[in-house]
Structures are given as C-alpha cells and as structure tokens.
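Close look at the chain arrangement
Each chain, written out:
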Amino acid sequence: MDDATGFETLGLDTRLLEALDELGYEEPTPIQRAAIPHLLEGKDLVGQAATGTGKTAAFALPLLQRLGEGADDGPPRALVLVPTRELAVQVAQAVHKYGKRLKTRVVAVYGGQAIEQQLRSLRRGVDVVVATPGRALDHIRRESLSLEHVQVVVLDEADEMLDMGFAEDIESILGLTPETRQTVLFSATMPPRIAAIAKAHLRTPERITIARERVAAGEAPKVRQTAFVVMPAYKPAALGRVLDIENPGAAIVFCRTRTEVDELTEVMNSRGYRAEALHGGMTQEQRDRVMKKLRGGTAELLIATDVAARGLDIEHLTHVVNYDVPSAAEDYVHRIGRVGRAGREGVAITLAEPRETRLLRNIEELTRQRIQLAPIPTVADLKARRLDITKAALREAMLAGDLDRYRVVVEALGDEFDVMQIALAAVKLAHEAEAGADDDEQEIPQPPPRRGPADRGPPPRRGPPRGGVVLLHIGLGRAVGMRPQDLVGAITGEAGIPGRAIGAIQIGERFSTVEVLADVANRVVEALRHTRIKGRPVTVRAERPRH
Ligand code: AMP
C-alpha cells in the first residue's frame, strides 16, 4: 500500500495512528485530509460536511492531539456542541475510541438523561464534554460545568442546532469560553446565519468545502444505480436479500474499514455466501490467492476496502455494492466504474443508513445521474424472484433440448396423473434444487421514511417525518418563551422517550406541533399532561396526519 496517502502524512501522534490502525481505517477521507493539518496548527475552521464524510474524526483527532494525555482531574479542556442526544452519544464514543491511548476522558451530556449521573461524571473530572446546548447551559448554571479552561470548542452540525432554536444558547456558551480558544464549526449547509456565527466567533478561519467537481459528461459509467435505505442492525440481512434478488455473477462489496471487511466477510460466509475479504492489511500472496478464487468461481463475493481494490481489474464483475455510502462522492464514481464496461449492463447497489441519504444527493450532483431509491425487497419479492430464476433455468433446459431420456418417466406417470401435475412436481424439485428453501426468511423492517434525494427539499431536521407518525398539538408557544428544546426536553425527560422518536417541531405564537412515532404517542400525551413547560401546565391533543 502507498503510505503517502495514509494518515501518517497529516502530522498525527503515533498513539492516534495506532488507534486508527486498530479501527481499520486505511486512509483519511477528503474532509480529514483537508482539515486535520490546519486544526493541528491551532487554526479556526469552518467545514462544510455532512454525516458520513468522516467529519467527526476530522475534528476529534486534532482536538485529542492538542489536549495531549488526559489529565487526572480538573475541568474540561474541550467542548463539542451537538444538536441531539444521539449525536452526543455517537461523538463521545468516537472521541473515546480515538483517544484510548491518550487516556482521554470524555462525557456526553444531554437532555432527557438523569442529571445526577452527568453531575457525577463531571465532578470526577473530564477532558472533553460533548453536549447539547440546552443541557450544557443547565450544568453551567448549576456550576457543575466550568468553561474557563476550554481550549477547543467544536460546533457540530451547526445548521441543525440553529434549526432547533439553539442559536442563543450557543452564543451564551461561546461567551463563557476563553477568547484564546480554537473554534471549529461543521455544518452540512452554509446558510447566512451560519456565516454570521462564524464571523462573530471564529478568528480568520480556514474554510473547507470538499470540492464537488462535476464528472465530465459521458465519463460517468452507464450503470443501473439503486440505493436501499436500511437501519444499521439490518444491513447484513439487507445485503443478503439484495444479493439473492440480483443473483450476481461476481460482485464486489465495498466497506469503509478493514474491521468492517473482516466482520462482514464472516457474517456473509455464515449466511451461506462464498465471500472473500480483501484489505490493505493483507500480504500480496494472500491477495493473489483471493483473486484466484474469484476468477476461478470458488468465491462469488469480494468484500474490500477502497484502498485494497484500487488497481484491481476483475473481468466478469457484474455488481458493485456499497455497504455504506462512500464518504467521498469521487470514490463512488471510481467504485461503480468497475462494472458496466464493454457494453455490458452493470449494477451498482448502495445500502444507506437513514442519516446518510444526504450523501447520495452529493453523488447525484457529481455524476448528474439518478440513484433510484427502492424499498428493501420483501420475502414475497424474494419468492417471486426465485420462481423467476427457476423459470429461466427450465426455459434454458427446454431450449437446450436433449430431454428424450426423461420421456419414459413422464409417460409412466401419465397413466396415473395428468401432465400438468407431473410438470408441477418436476418444477417443485427443480426449484428446491436451484433456489433452496425460503421458509426461514424474515421480513427486513423499512426505516421510517425520510425525505431522500428524490425530493430535493431541505433535509428533515430530526427523527421520523411521515408514516407511523402522530401529530401532537401543544397549547403553548413562543408567547410563553417555549423553544423546541423545551419541548424535546419535556418529551424525552418526562416520558423517557428516545429523541429519535421525535420528528419535526413547529413553534407558533400560542400553539405548537410536534411529530412523534405513533407507537409512543400515548405515552407522550400522558406524560406531557402531567408536566409543566416554562412553569405552565400543558394541553395536548393528538391527531393522525392525513396522507
Ligand atoms: P462521520 O461522518 O464522522 O459520521 O463518519 C462516518 C463513518 O465513517 C463512521 O462510522 C466512521 O467510523 C467512519 N470513518 C471515518 N473516517 C474514516 C476513515 N478515514 N476510514 C474509514 N472509515 C472512516
């Protein structure tokens, strides 16, 4: 592998490089390559990047390096502000993973979790606090969080934080941190309000937008491109289902990390596919062996990282599968360029987590080609497809002829049964031999629909939009100073409902609405009726939205 493209060139500490190696990261994503050197120098930075581009590591690695070894006690030295509790947990986990060897102590602080637990962690001493703005202010007011020693502040998903009404909170929090701090702002979009925050609080920041060069017309390969939106826990099952339906000749499945490649290879083999791993941690000899198996047909699936697959030329490849949406749109183009050569039909399939659908839109813009969003095939789809495959096999057998020696069987049975019955029994046997039993197939749940690239609208702010959703009318609004986060806090805190069950929130002057998942709606209504927001009792009415 070419070391010059790796993390080594970015100036990162050996202990961080070791952590990345352990995680199986083979090379930096574009946003990491662009951001990390500036951040290590201590510069402020505005980065335009969505989830899935690797932005968390882009700010977390330099932050960890600048803090150095974790202190034994004392107040936090870095603060990361995020819009939601899910993201708080996710970012804290990432910081913990990357900073393991530096013994960095990190805590996530968010609304809806019992405050006592957070107080205990903060009291014990912590290096990095990852917080939602509302809860951070709570702790500041209780004097359980002091920002006097903060050297680095990160505003992650700044546009979402503003959408959720956190602008004032962010201003107050920044005002309590030392002026000498380094400030980093990441946002998927750059509306004027974000530019204003950057102007007011960042010092001559570096600006990074990952350039979206257009692919020249005719250069993007002609490939049938489909994406399936699937929840993370169901990805292996979804991959299996899609492969069963597609029935590829030879397929390559791309993963982000070495670890993911190894894990997925094991899972797919245990599910009965003949899969081989290919990644940068393998010797040339091992790689040659894998390629031989694929060419010889003993393996049907190659599971690989981008780095390992570079320069591979696989003749008869029919399908490229992106197990995740690639962090760089350019990688997508390179990956799918491996199929659809020489006039053959190529197929590119992408599994996208609900949060990653925005990245699909970037790819569509780059290639100026549509990626069809499709529901994950159901068990009924699979059964129908398997029958199709059997039908095709029978048709081929009839066209090939040479069936005469079976005539005696049909004639003998013809005395007892009619020809249709004989044919049905023969098809059954052929089908079972060809396709195997499909009785133990389970349905794969579809995630609650989000607006995908097809809609072209702004992305939803959080949680589930339509479908299985109940609209709650709340009898309080701006007039009493209610903000979206008050409502979220009341729902997640009082009813113990996860933030992801909450969808769009609209705050009106006297009334507000909030979408919640239908299966928790009753609990939310009950809890809100027994709580107070801004010191006032709450009236709630539930309405099933019309579609
Ligand atoms: P993020 O955009 O920060 O949410 O990251 C998206 C995913 O990409 C996470 O699962 C990371 O663990 C993974 N990731 C981040 N950087 C890299 C990298 N350089 N190589 C492979 N995977 C990465």
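Rules used throughout
Residues numbered from 1 in each chain as written. Predicted model: local features only at pLDDT ≥ 70, side-chain atom pairs only at ≥ 80, totals over all residues. Heavy atoms only, no water. Helix = DSSP H or I, 4+ residues; strand = E, 2+ residues; numbered from the N terminus. Buried < 20%, exposed > 50% of the residue type's maximum accessible area, 1.4 Å probe, protein only. Contact = heavy atoms within 4.5 Å. Areas by Shrake-Rupley, 256 points an atom, 1.4 Å probe, with all protein chains shown as cover. Lys, Arg positive; Asp, Glu negative; His and termini not counted. Charge placed at Lys NZ, Arg CZ, Asp CG, Glu CD. Pairing = 2+ DSSP bridges. Axes fitted to C-alpha atoms, helices over the stretch in contact; angles between N-to-C directions. Parallel < 35°, antiparallel > 145°, perpendicular 65-115°, else oblique. Left-handed = near helix turned anticlockwise from the far one by under 90°. Nonpolar A, V, L, I, M, F, W, Y, C, P; charged D, E, K, R; others polar. Core = buried A, V, L, I, M, F, W, Y, C linked by side-chain atoms within 4.5 Å. Near = heavy atom within 4 Å. Polar contact = N/O pair within 3.5 Å; in protein donor to acceptor, adjacent residues only side chain to side chain. Salt bridge = Lys/Arg side-chain N within 4 Å of Asp/Glu carboxyl O.

1. What about the overall build of the protein chain?
Looking only at helices and strands, the protein chain features 20 helices and 20 strands. Taken along its principal axes, the extent of the C-alpha atoms in the protein chain is 90 × 60 × 45 Å. The buried share of the protein chain, taken over its 547 residues, is 51%. A separation of at least 24 residues holds for 76% of the contacts in the protein chain among residues at least 6 apart in sequence. Just so you have it, the protein chain exposes about 26500 Å², and 50% of that area is on carbon and sulfur atoms. Counting 74 positive and 77 negative side-chain charges, the protein chain places the averaged centre of each group 6 Å from the other.

2. Digging into the sheet that holds strand β15 (residues 469-474)
The strand order across the open sheet formed by 4 strands is β16-β17-β15-β20, and the pairing between neighbours is antiparallel. Two strands close off the open sheet at either side, each with one partner strand: β16 (502-507) and β20 (540-543). Taking the axes of each pair of neighbouring strands and ignoring which way they run, one obtains an average angle of 20° across the sheet. Direction of pairing for β15 relative to strand β17 (residues 512-517): antiparallel, over a ladder of 6 bridges. Counted as the bridge partner of Val-469 is Leu-517 from β17. Where helix α20 (residues 518-529) meets the sheet, its contacts fall on β15, β17 and β20, and the angle it forms with β17 comes to roughly 135°.

3. Description of the packing of helix α10 (residues 235-246) against helix α16 (residues 379-400)
Contact geometry for α10 and α16: axes closest at 9 Å, N-to-C directions at 30°. Accordingly, the angle class assigned to the pair α10 and α16 is roughly parallel. Between α10 and α16 the crossing geometry is left-handed. Together, Arg-241, Asp-244, Ile-245 and Glu-246 of α10 and Val-379, Asp-381, Leu-382, Arg-385, Arg-386 and Ile-389 of α16 make up the contact between the two elements. Partitioned by chemical class, the residues of the contact of α10 with α16 number 4 nonpolar, no polar and 6 charged.

4. Quick word on the pairing of β15
Looking along a regular strand, one sees the side chains alternate between the two faces of the sheet. Counting buried positions over the 6 residues of β15 gives 5, a clear majority of the element. Pairing between β15 and β20: 4 bridges, direction antiparallel. Note on β20: the bridge partner recorded for Leu-472 is Ala-542.

5. Focus on the nonpolar core
Residues Phe-59, Leu-61 and Val-80 are the most contacted members of the largest nonpolar core, which totals 40 residues. The set of elements that each furnish at least two residues to this core consists of α1 (14-23), α2 (30-40), α3 (55-67), β2 (78-81), α4 (85-98), β4 (128-131), β5 (152-155) and β6 (182-187). Take this core: its biggest share by element is 8 residues, from α3.

6. Some remarks on the site of the ligand
Contacts to the ligand come from 14 residues, most closely from Tyr-25, Gln-32, Gly-52, Gly-54 and Thr-56. Contacts to the ligand include Gly-54, whose backbone N or O atom sits 2.7 Å from an oxygen atom. When grouped by side-chain class, the residues that make up the shell around the ligand number 3 nonpolar, 8 polar and 3 charged.

7. Here we look at the pattern of salt bridges
Counted according to the given criterion, the structure contains 32 salt bridges. Across the pair Asp-13 and Arg-15 runs a salt bridge, and its minimum N-O distance is 3.1 Å. For Arg-15, a relative accessible area of 29% puts it in the partly exposed group. Salt-bridge contacts for Lys-534 lead to Asp-486; the nearest nitrogen and oxygen are separated by 3.8 Å. Here the residue Lys-534 occupies a position in the loop between β18 (532-533) and β19 (536-537), and Asp-486 occupies one in helix α19 (residues 484-495), the gap between them amounting to 48 residues. The class of Asp-486 is buried, set by a relative accessible area of 17%. It is possible to trace a salt-bridge network through shared partners that takes in Lys-55, Asp-156, Glu-157 and Arg-355.

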